[in-house]
Amino acid sequence: MAVVFIVGCSGNIEHSAESFTPPRIATSAPTAIATSAAVVGDVAAPEPPHATFDRTFSLAQSDLTFPAMVPSQLPVGPGGYIHRWGVYETAMKWSVDEPELEPRLITDWKMDSDGLGWILKLKSGVQFHGGWGEMTAADFVWSFEDEIRETSVHSGIGLARSTGAIIEAIDTYTVSIRLNQPSSFFFEAFLSNGSGAATKIFSKARVGTLGVDDAFLDISGGTGPYVFEKWNPGDEVVLRAFDGYHGMPPYVTTVHILEIKEPATQLAALKTGQIDASLVPAPLAADIASEPHLGIQSFGIPGSQRLYPQGQFCMDRTLDGTPVQPYPRPGYAPEKPWVGDCDSAVSLESARKVRVAMSMAIDRQSIVDNILDGFGRPSYLPEVVPPLLDRVWQDRWFIPYDPDAAKILLEQAGYPGGIDALMRITTGSHPLEVEIGQAVAQFLGALGGDVTTEVLTYSGNRPSVVAREQSDLWFRSSGGGTAEPPEISQLRRNPENAFNPGMEIKEPLAIISEMDSITSSEELDEVRERLYDSFSHNMWIIPVVLADQILGMNTDKIESWRMSSGSGYLGDFENIRLK
Amino acid sequence: MTGALTLLGVTFLVFGLSRIQGDPRSILISDDASFDQWQEMGKQLGLDQPVYKQYQIYVVNLIQGELGTSTLQKKPVAGILLERGRNSALLAVTAFSLTILVGVPLGVLSAVKTGGIYDYAIRMFAVLGQALPSYWVGLLLILIFAVGLDWLPASRMSDWTSLVLPTLAIGWLGVSGQIRIIRSSMLDALDSEYVQLARAKGVAERTIIWKHVLRNAIVSPVTFASLTFASMLTGSIVVETVFAWPGLGLLSVNALNNSDYPILQGVILLAALIYVLFSFVTDVVYMMIDPRIRIQ
Amino acid sequence: MNLSSNVPEKNASGVLGSSYSRRHRLLRWPIFSLVVLFVMICLAVFAPIIVPHDENLGFLEDRHQPPVLFGGTSNHILGTDSLGRDVFSRVVYGARISMLSALTALVIGGAIGTALGIFAGYMGGWVDELIMRLVDVKFSIPLILIAFAMVVIFSPSFGLLIGLLTMFVWGQFTRQVRAEVLVIKTTDYVAAARTWGASPAQIMYRHIFPGVISTVLMIATFQSGAVILAEATLSFLGAGVPPPSPSWGAMIADGRLYLDTAWWVSLAPGIAMGLFIAAITLLGDWLRDYWDPKLRQL
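Read on for a plain summary of the structure. Not measured: the values here are computed from a predicted model.

Criteria and thresholds
Residues numbered from 1 in each chain as written. Chains lettered and ligands numbered in written order. Predicted model: local features only at pLDDT ≥ 70, side-chain atom pairs only at ≥ 80, totals over all residues. Heavy atoms only, no water. Helix = DSSP H or I, 4+ residues; strand = E, 2+ residues; numbered from the N terminus. Buried < 20%, exposed > 50% of the residue type's maximum accessible area, 1.4 Å probe, protein only. Contact = heavy atoms within 4.5 Å. Areas by Shrake-Rupley, 256 points an atom, 1.4 Å probe, with all protein chains shown as cover. Buried area = accessible area lost by both parts, 1.4 Å probe. Salt bridge = Lys/Arg side-chain N within 4 Å of Asp/Glu carboxyl O. Polar contact = N/O pair within 3.5 Å; in protein donor to acceptor, adjacent residues only side chain to side chain. Nonpolar A, V, L, I, M, F, W, Y, C, P; charged D, E, K, R; others polar. Axes fitted to C-alpha atoms, helices over the stretch in contact; angles between N-to-C directions. Parallel < 35°, antiparallel > 145°, perpendicular 65-115°, else oblique. Left-handed = near helix turned anticlockwise from the far one by under 90°. Phe/Tyr/Trp six-rings, centres within 6.5 Å; stacked < 30°, edge-to-face > 60°. Expected span 1.5 Å × (residues − 1). Bend = angle between axes of the 7 residues up to and from the residue. Pairing = 2+ DSSP bridges.

Looking at the overall build of chain C
Now for step 1: Each helix and strand in chain C was counted, giving 11 helices and 2 strands.
Now for step 2: Taken from the N to the C terminus, the helices and strands of chain C come in the order β-β-α-α-α-α-α-α-α-α-α-α-α.
Now for step 3: Within chain C, buried positions represent 56% of all 298 residues.
Now for step 4: In chain C, 73% of the contacts between residues at least 6 apart in sequence involve partners at least 24 apart.
Now for step 5: Accessible surface, chain C: about 12,900 Å² in total, of which carbon and sulfur atoms supply 69%.

As structure tokens, this is what we get:
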């Protein structure tokens, strides 16, 4: 049963480091392809590192905001760093070579016979950084409980609360987790390293001794192969290999992570050798690949770029019947072409036609070819990313580029002259977000109406979105995709939780909630198919493209870098081998 | 003193900004603060008291050096400002030295050799320096000298070599301004009756230039220089972003992106303080140079 | 030019001390400036007629075409940008938008600044004190920071941009105008007007104001370069002209990722902007010489 469960759960994370799409490079540079293939090649079992040598590796990041070193105050973004960088660890992690979860801080686990919980056996002899002692069940329990406590900002709270999760220490190395209802997502969300909700194990004694305020700033206290040597906020982070690591010590002993905000400067630093690796925006991939000492490869999961037609607030009661307050939402705008009147089926059908028309007006392939230089693909299902996407794909979900058919649909919906719209493009996620957003606006404008754009920061836009005030179009980019099942991110879009992209719609939420009680992968896929059918038919969210993440690196220095997937952050430094 | 009044004005502005959008606690406190902390801060700010009293508390706190705590980094603002301010200061001092060491001689040369080829070349250099955005200049410098020629590092603060390109990017504007101001001041002085008289008396040209002309012409350039330094220190956001230089500018960018209001407030107040100090220094320098001003 | 051969000459106003070099400079009209400015203003005014393509619409397939002399087609003589828009058309329209924004900011900022300067200079006392402190406050706060903050809080718009540029500009007017007014205040005809019983408002309007006009125009000329540069900097921070409208500053900022691949995207507007500011600066220099050498302190 355990095996079936893993497969069922892991279905969306099939991958291996070899399964990237070979980059299509515009200029003829066969060496570039060969180089990148050599970078991620078949590597024999890693040889034991030489403790006497100091091997360093440098990387650039565009934002090094200090996270929190306390679970309850660790926001998703920076939190992703500290476990991808191998400082804090989770119970299990995705293997690099196989699409499987492998144990990291636990040695074994077993599901309870009623399917409502698990028993985890912790690894013994795991030492915390900074001399905080050995990891025991108490630390495990504490880390989890701190994450889901009242004022925590942790992203897994919703799921933990809705499943009534309780965690307990049975003995020093045994932990029990109990839910009050089945959940097919819980295990992977909290216990693997693939999602933002992943539970990272902190030392309980450390927070107890230092107090929360000091522990917040203290950079010791994890269990991973690397320990923070320093973190200068907004400047630089240095990682040092941890002597007492419970697993295989890492090959690279020192990792420098430098903050360089300006993408042009980041690439200049890569070219001059100031850094050894960096993310590369697609249009410049060919330029980087043509440098003799550099190579590129796609990695991880592509980021989804999509358009939210906001204002769809027809949900007056939550799934369990609680009335939504306030209702109607401030942003409910039935006069907007893509929203419609909640009380009129005719109006809602027109709005649906408008959204489908908008979707058909976008030439996705052109964006992929011209802006992404081939590093990506059109997206037809919102936020569904490979490998799940490839596994469940049905051809009927394909959206043709057909502006003429779109215009006919608009006429039927009552907008023969096209539609006027304001599109907000938020920044801070992807170097090409403004270009892609503007291209989409141009395509929509070709339908006849007046489509204007506004560019603003994500944090500047967020407050009015959370307040459910907006009823325009919001173009949203993501850097790298997460391996988290898309249904989870949609589950959060309900009236209870804070964030909401501008729509509260009952139909998909109802289907998603069916997933909670499912344990077999066949049933899960059947529910997914229904869900994606409804998204495809209704276009509540208009998908645009999936943009590959491209890593540029110094191939004169780096022999190989096997990365597991998971979040979009660069990490797994312990798998780097230098020449 | 007028400087104090200016500072007061700035504090008034900053105070107003924090109150304008509602409860100041919503920007001064971090998202995850507890209710007790919220109440506590309310008492500290004196929110139960009339506005003018709140302002008084605010100013008194400032004078005592209490700048608050960064909502993002959870550390005292003053310490952060000091640390990053040092880096910005390094850049500003170097760029400023360039302004003096290069700008003054070139300006003098241009004035003395008016109309000649040197004058033209120098004037073109100066005009161009005031016509190109500094971030573009910075990126081009990186492209040419770091990527292309590999002579200098592309970014970040490390050893003295990393100082060169950002200094040039900031400094070109300052040097240009200084050249033009010195040139015009000197030309004006060269035209004056005093100089004509000295020439008629047969005083050596070099003495005329360095002793008389420069002394009279120095007033404007000094003003310009001090203001330039002040603005270099605080207005280097763009260059710091381009070069990933860990100074106050980059700190402000991060603070803005993360709604860290205490840091922003700190940077604005620090900038004002520096400006006022420099105005004061300028006045003192005037008095030393020109005894006529002392009488006023 | 041999300075020691200068012979003091009387100039038209009879003041001793006019030098050969000044007259020589005056005689040389600023041809370069006038030509460049004339061309650019024509481009801006006749933009809709001149441009071969829609400046806001591009075709993705035409993305990053090089200029005609570097492998491109004559369809796009200066190449295309990241969205396939014609660079030449955008540079021409950019002239219009950059100049209009600068002009608006200068007119509004100049009006406010001049008015405040006249008040401060003429009224003196606490009015003067208050206004000058206001000017100090404005100069002491790094405007770039405020601009960036405004943009994070409100989204970018033309209105916001003009507002920021006006803030940038008014202080210089107030300072210089006030200095000028302090001098004019002491002249005989102002004293005379006072003895006739003219009100302060009348004096300021009919006697002071005309006297400062030349100063104001000169400040405007010098500030225009700075304003256009400021707009470029604001564009870098995302606070400039909202897309897809082209301004020179926005175009340079947009192309900064491609400086060594599609270099023409930033270079074309950069050259245009550089030429314009250079021309206007040199013109300002000449005007200053022409009107009053004492104003060289500007």
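Remarks on the interface of chain B and chain C
Now for step 1: Across the contact, 49 residues belong to chain B and 52 residues belong to chain C.
Now for step 2: Where chain B abuts chain C, roughly 4,400 Å² becomes buried across the two surfaces, and 69% of that area is made up of carbon and sulfur atoms.
Now for step 3: If you sort the residues of chain B by the area they bury against chain C, B:Y135, B:W136 and B:L256 come out on top, with a joint share of 14%.
Now for step 4: Where chain B touches chain C, the interface holds 2 salt bridges.
Now for step 5: The partner of B:R123 in a salt bridge is C:D285, and the shortest N-O contact between them spans 3.5 Å.
Now for step 6: Connecting chain B to chain C are 6 residue pairs in polar contact (both at pLDDT 80 or more).
Now for step 7: No other element matches helix α8 (residues 161-190) of chain B, which puts 7 residues into the side of chain B that touches chain C.
Now for step 8: Tallied by class, the residues present in the side of chain B that touches chain C amount to 28 nonpolar, 13 polar and 8 charged.

Things to note about unusual backbone geometry
Now for step 1: Residue A:Y327 is joined to A:P328 through a cis peptide bond whose omega torsion reads 0 degrees.
Now for step 2: Looking at where A:P328 falls in the secondary structure, it is placed in the loop between β13 (312-313) and α10 (345-360).
Now for step 3: For the peptide bond that leads from C:P243 to C:P244, omega is 5 degrees, which places it in the cis range.
Now for step 4: Structurally, C:P244 is set in the loop between α9 (200-236) and α10 (248-254).
Now for step 5: Phi at A:D373 takes a positive value of approximately 55 degrees, unusual for a residue other than glycine.
Now for step 6: Among the secondary structure elements, A:D373 is positioned in the loop between α11 (364-370) and β14 (376-378).
Now for step 7: With a relative accessible area of 25%, A:D373 lands in the partly exposed category.
Now for step 8: At B:D150, a position not held by glycine, the phi torsion is positive, near 60 degrees.
Now for step 9: When you line up the elements, B:D150 lands in the loop between α7 (134-148) and α8.

Concerning the packing of helix α7 (residues 158-185) of chain C against α9(C)
All names here are of chain C.
Now for step 1: It is the contact of α7 with α9, at a shortest axis distance of 9 Å, that shows an interaxial angle of 150 degrees. With respect to their mutual orientation, α7 and α9 come out roughly antiparallel. Remark: the crossing between α7 and α9 carries right-handed chirality.
Now for step 2: Considering only residue class, the contact of α7 with α9 consists of 18 nonpolar, 5 polar and 2 charged.

A look at the pattern of salt bridges
All names here are of chain A.
Now for step 1: Tallied over the entire structure, the rule returns 40 salt bridges over all chains.
Now for step 2: The shortest N-O distance in the salt bridge between R240 and E229 comes to 2.5 Å. Of this pair, R240 sits in strand β9 (residues 236-241) while E229 sits in strand β8 (residues 226-232), placing them 11 residues apart in sequence.
Now for step 3: In this structure, the salt-bridge partner of D390 is R377, at a minimum N-O distance of 3.1 Å.

Looking at the environment of A:M358
Residues and elements named next belong to chain A.
Now for step 1: Mapped onto the elements of the fold, M358 is located in helix α10.
Now for step 2: The exposure class assigned to M358 is buried, which follows from its relative accessible area of 0%.
Now for step 3: Spatially, the C-alpha atom of M358 lies 49 Å from that of S113, the residues being 245 residues apart in sequence.
Now for step 4: Residues in contact with M358, not counting those within four places in the same chain, are L307, W338, I419, L444, L447, L473 and I542.

Examining the interface of chain C and chain A
Interface extent is often summarised as the accessible area lost during association of the parts.
Now for step 1: Tallying the contact residues gives 20 residues for chain C and 24 residues for chain A.
Now for step 2: Looking at the side of chain C facing chain A, the largest losses of area belong to C:L60, C:P243 and C:L257, adding up to 30% of the total buried there.
Now for step 3: Taken together, the connections running from chain C to chain A amount to 3 salt bridges.
Now for step 4: Taken together, chain C and chain A are joined by 8 residue pairs in polar contact (both at pLDDT 80 or more).

Considerations on the packing of aromatic side chains
All names here are of chain A.
Now for step 1: Under the criterion given, the structure shown has 28 aromatic pairs over all chains.
Now for step 2: Summarising the aromatic geometry, the rings of W118 and F187 are spaced 5.4 Å apart at their centres and angled 50 degrees between planes, so their arrangement reads as tilted. One end of the pair, W118, is in strand β5 (residues 117-122); the other, F187, is in helix α6 (residues 186-191), and 69 residues separate them in sequence. Judged on exposure class, the residue W118 and its partner F187 are both buried.
Now for step 3: Members of the aromatic cluster, each reached through a chain of ring pairs, are W109, W118, F144, F186, F187 and F190.

With respect to α7(C)
Now for step 1: Here α7(C) is 28 residues long and its end C-alpha atoms lie 39 Å apart, about the 40 Å a rise of 1.5 Å per residue gives.
Now for step 2: Of all the bends in α7(C), the largest measures some 25 degrees and sits at C:V169.

Concerning the sheet that holds strand β4 (residues 106-111) of chain A
The strands making up a sheet associate through backbone hydrogen bonding, with each pair oriented either parallel or antiparallel.
All names here are of chain A.
Now for step 1: The sheet built from 4 strands is open, its strands ordered β4-β5-β7-β6 with antiparallel pairing. On the outer flanks of this sheet lie β4 and β6 (166-171), each paired with one strand and no other. Averaged over neighbouring strand pairs, the angle between their axes works out to 20 degrees when direction is ignored.
Now for step 2: Sheet analysis places β6 next to strand β7 (residues 174-178), joined by 5 bridges and oriented antiparallel. Bridging from a neighbouring strand, E168 pairs with S176 of β7.
Now for step 3: Packed onto the sheet, helix α4 (residues 137-147) meets β4, β5, β6 and β7 and runs at close to 175 degrees relative to β6.

Bear in mind that shape data such as this cannot, by itself, settle questions of function.
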